[in-house]
Amino acid sequence: MRHFATLISLLRDRKQFFDEIRRDYKTEKKIGSLLIASSVFLASYGAIIGASSGWLQMISSAIKLPALYLITLTICLPTLYFFDILFGSALSFGQYALLVLISVSVISVLLFSFAPITLFFLISVHDYNFFLLLNVAIFAFTGLMGIKFLYQAMQTIDRIEPAEAQPAVLEPAEIDTANDFLPVDALANREKTLTSSSNNQQTRKRLLQFWLVLYGLVGSQLGWTLRPFFGAPGEPFQLFRNIEGNFYSQVFRTLFTLLGWN
Amino acid sequence: MQTDLNELRITPSQLEKVTGLEVTDILMGKVYRPTVFRSTKRFLSFLLTETLTLGLILIFCLPLSLVIGRGLGILTTSNTVPFLLTALGIAIALFAIWNGWTWQKGKGLKTLAHLLDEVDKHNEIIDAVHIIDELGAIQNSTIQVIDREEILKALSATRESLLNALMTEKVLRKHQQFMARRQELFANIETNLATLQTLQANQQANEYGQLLNEALQIGMSLRQELEKLDRQ
């Protein structure tokens, strides 16, 4: 399957994949492939976690889990794109979509790789709270890895972008000679451009960090809205639950219950 | 496969270059090839792609309508089933629209689809020659290589014709108006077809006779397609 081949090429040869993104090479095809491959992996993991509460929950979670990641991405993508182009990025919307899809794809692959472990605990340990926290830990870990991947991709592409704006790479000696023949104004202008480009790069880096926090917040809130993903033990199937509290307070409550503090 | 044969093959990357579209067994760009219904393997591949597309639409549509429905207060525990059925209906409608759009787009690529079928046939002939070569290489084999040079010459002419035809189709598809190069390409194809006809006349009945005949059929088919294009 060509969709999975695209994902494998991303995992195997990151450098080339990032370079292809920068060159806008087959961006649309890559988006389609990563969308399908990550949806399949996330749906598989969703089905496993839902299987703890019957087949209806299994189907529901298989749809909800990929939706959680992909809808969060869709909600947050315009923020990243418009703010970045405001600060000098030359990438297109498709290239940004592909960049953020990379993180979702990495998360999906890692979750899929955790599937046998989750399945093992699902079969061997009949403790709802343990299963819940185990999955929160897995989601947190895979999420961090995905974010790290996205961060790397953005940094790599950002590093290449301004370098490309320069006409040629000059040796130090050549730079001195070249500077000798440049009018003072041109030199000052070039320094100004370089400083401005570096400032923009710094701003975009900070912007990305801010966006990642935003992405996490939107994702956790959407996850809270779309729950249940696991289904409570002994309770009938629920497509949705009433919105009460938030994701973080529930994680702490479960942790306290597990530790016997509640 | 021997280098000379391999060089005669029209690869997917070459097809992509000359057509400007990504070509696979079932797709040309985003449009399905009409041949998806002619072989089980391709039909299964088509079904899988359709299932994945529907799945992707469902993944977006169902949870999103759930979030919107709850946010607007339309969705309650009492009307969950009708709400879900409506959301499912929207997803299926979107899927139908997508398919309708690709079908509509495919109508403009009929000539390309036909040419791609000819490319498949050309590559199949190369595979056949390769198999004959392998069988001929076995000691005490009864299969003899009679005139390999002639078949390679024929395949080379077919290959050139196919690439010319694909380029012409791309030019016409993109510009939809008279281009000077079209006549030149057309003349080239005519010359190659004449070469094929000569080769066919000279060739005695043997295992290559059939292959040459197939190459000639591709050439004839190409001329018909280009004549159709010329009339458009």
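Residues numbered from 1 in each chain as written. Chains lettered and ligands numbered in written order. Predicted model: local features only at pLDDT ≥ 70, side-chain atom pairs only at ≥ 80, totals over all residues. Heavy atoms only, no water.

Asker: How should I be thinking about the overall build of chain B in this particular structure?
Answerer: Helices and strands together make up the secondary structure of chain B, namely eight helices and two strands. In chain B, the order of α-helices and β-strands from amino to carboxyl end is α-α-β-β-α-α-α-α-α-α. Looking at the 232 residues of chain B, the share that counts as buried comes to 44%. A total accessible area of about 12,700 Å² is found for chain B, and carbon and sulfur atoms account for 59% of it. (Helix = DSSP H or I, 4+ residues; strand = E, 2+ residues; numbered from the N terminus. Buried < 20%, exposed > 50% of the residue type's maximum accessible area, 1.4 Å probe, protein only. Areas by Shrake-Rupley, 256 points an atom, 1.4 Å probe, with all protein chains shown as cover.)

Asker: Got a minute to help me understand the pattern of salt bridges in this structure?
Answerer: Two side chains that carry opposite charge are able to pair once their charged atoms sit near each other. Counted under the stated rule, the structure contains 14 salt bridges over all chains. Ionic pairing is found between A:Lys30 and A:Glu20, a salt bridge with its closest N-O pair at 2.8 Å. Remark: A:Glu20 occurs in helix 2 (residues 14-22) and A:Lys30 occurs in helix 3 (residues 27-50); sequence separation between them is 10 residues. Judged by relative accessible area, A:Glu20 falls into the buried class, the value being 12%. Among the ionic pairs, B:Glu118 bridges to B:Lys121, the shortest N-O distance being 3.5 Å. Taken together, the residues B:Glu118 and B:Lys121, both in helix 5 (residues 110-137) and three residues apart, mark about one turn of the helix. Note on B:Lys121: relative accessible area 40%, which makes it partly exposed. One network of salt bridges, in which partners are shared, links B:Asp25, B:Arg33, B:Arg38, B:Arg42, B:Asp117 and B:Asp120. (Salt bridge = Lys/Arg side-chain N within 4 Å of Asp/Glu carboxyl O.)

Asker: Would you take a moment to explain the nonpolar core for this structure?
Answerer: Across soluble globular proteins, you tend to see nonpolar side chains buried next to one another. Judged by nonpolar contacts, the single largest core of 68 residues is most densely connected at A:Tyr45, A:Leu65, A:Tyr69, A:Leu99, A:Ile102, A:Leu111 and A:Trp211. Where this core is concerned, the elements lending two or more residues are helix 1 (2-12), helix 2, helix 3, helix 4 (55-86), helix 5 (93-124), helix 6 (128-165) and helix 8 (184-226) of chain A together with helix 3 (40-72) of chain B. Ranked by residue count, the leading element in this core is helix 5 of chain A, at 15 residues. Those residues in contact with A:Leu65, other than ones at most four positions away along the chain, are A:Leu42, A:Tyr45, A:Gly46, A:Leu111, A:Phe139 and A:Phe229. By size, the runner-up hydrophobic cluster in this structure holds 39 residues, among which are B:Val23, B:Ile125, B:Ala157 and B:Ile218. (Core = buried A, V, L, I, M, F, W, Y, C linked by side-chain atoms within 4.5 Å. Contact = heavy atoms within 4.5 Å.)

Asker: Would you mind showing me how to read helix 2 (residues 12-19) of chain B here?
Answerer: The periodicity of an α-helix, 3.6 residues per turn, causes residues three or four positions apart to be oriented the same way. Residue and element names in this part refer to chain B. Among the residues of helix 2, Leu-15, Val-18 and Thr-19 are the ones counted as buried. Taken end-on, helix 2 shows its buried residues confined to a sector of 90°, consistent with a single buried face. For helix 2, the exposed residues lying more than 90 degrees away from the buried face are Ser-13 and Lys-17. For helix 2, the elements touching its buried residues are helix 5 and helix 6 (148-175). Gly-20 occupies a position one or two residues after helix 2 and carries a positive phi of about 80°. (Arc of directions from axis to C-beta.)

Asker: Please clarify how the packing of helix 1 of chain A against helix 5 of chain A should be interpreted in this entry.
Answerer: In a packed pair of helices, the relevant descriptors are the angle between the two axes and the axis-to-axis distance. Residue and element names in this part refer to chain A. Two elements in contact, helix 1 and helix 5, have axes whose closest approach is 11 Å; the angle formed by their N-to-C orientations is 95°. Judged by the angle between their axes, helix 1 and helix 5 are roughly perpendicular. Touching Leu-7, Leu-10 and Leu-11 of helix 1 are Ile-102, Ser-105, Val-106 and Val-109, all from helix 5. Here the residues of the contact of helix 1 with helix 5 are counted per class, giving six nonpolar, one polar and no charged. (Axes fitted to C-alpha atoms, helices over the stretch in contact; angles between N-to-C directions. Parallel < 35°, antiparallel > 145°, perpendicular 65-115°, else oblique. Nonpolar A, V, L, I, M, F, W, Y, C, P; charged D, E, K, R; others polar.)

Asker: Is there a simple way to think about the side chain of A:Ser39 in this case?
Answerer: The topology assignment puts A:Ser39 in helix 3. You can call A:Ser39 buried: its relative accessible area is 4%. Ignoring sequence-local partners within four residues, the contact set of A:Ser39 consists of A:Pro66, A:Leu70, B:Leu56 and B:Ile59.

Asker: What should I look at first to understand the packing of aromatic side chains in this one?
Answerer: The description of two aromatic rings rests on the distance between their centres and on the angle between their planes. All names here are of chain A. Enumeration over the complete set of coordinates arrives at 16 aromatic pairs over all chains. A ring pair is formed by Tyr-81 and Phe-93, whose centres lie 5.0 Å apart and whose planes are at 85°; its orientation type is edge-to-face. In this pair, Tyr-81 is assigned in helix 4 and Phe-93 in helix 5, connecting sequence segments 12 residues apart. A relative accessible area of 15% places Tyr-81 in the buried class. (Phe/Tyr/Trp six-rings, centres within 6.5 Å; stacked < 30°, edge-to-face > 60°.)

Asker: Explanation requested: the environment of B:Leu58 in the structure shown.
Answerer: As for its position among the elements, B:Leu58 is in helix 3. Taking C-alpha positions, B:Leu58 is 8.8 Å from B:Ala87, a pair spaced 29 residues apart along the chain. Residues in contact with B:Leu58, not counting those within four places in the same chain, are A:Ile63, B:Pro63, B:Leu88 and B:Ala91.

Asker: Is there a simple way to think about the environment of A:Phe131 in this case?
Answerer: Residue and element names in this part refer to chain A. With respect to the helices and strands, the residue Phe-131 is situated in helix 6. Taking the C-alpha atoms as reference points, Phe-131 and Ile-49, 82 residues apart in sequence, are found 8.8 Å from one another. Every residue in contact with Phe-131, bar those within four places of it in the chain, is listed here: Ile-49, Ser-52, Thr-118, Leu-122 and Phe-230.

Asker: I tried to follow the packing of helix 2 of chain A against helix 5 of chain A on my own but got confused; where do I start?
Answerer: All names here are of chain A. Taken N-terminus to C-terminus, the directions of helix 2 and helix 5 make an angle of 155°; their axes are 10 Å apart at the nearest point. In terms of orientation, helix 2 and helix 5 fall into the roughly antiparallel class. For the pair helix 2 and helix 5, the contacting residues are Phe-17, Phe-18, Ile-21 and Arg-22 in the first and Gln-95, Leu-98, Leu-99 and Ile-102 in the second.

Asker: Sorry, what's going on with helix 2 of chain A here?
Answerer: Residues of helix 2 of chain A that are buried include every one of A:Phe17, A:Phe18, A:Glu20, A:Ile21 and A:Arg22, and no others. One or two steps after helix 2 of chain A, the chain reaches A:Asp24, where phi turns positive at roughly 60°.

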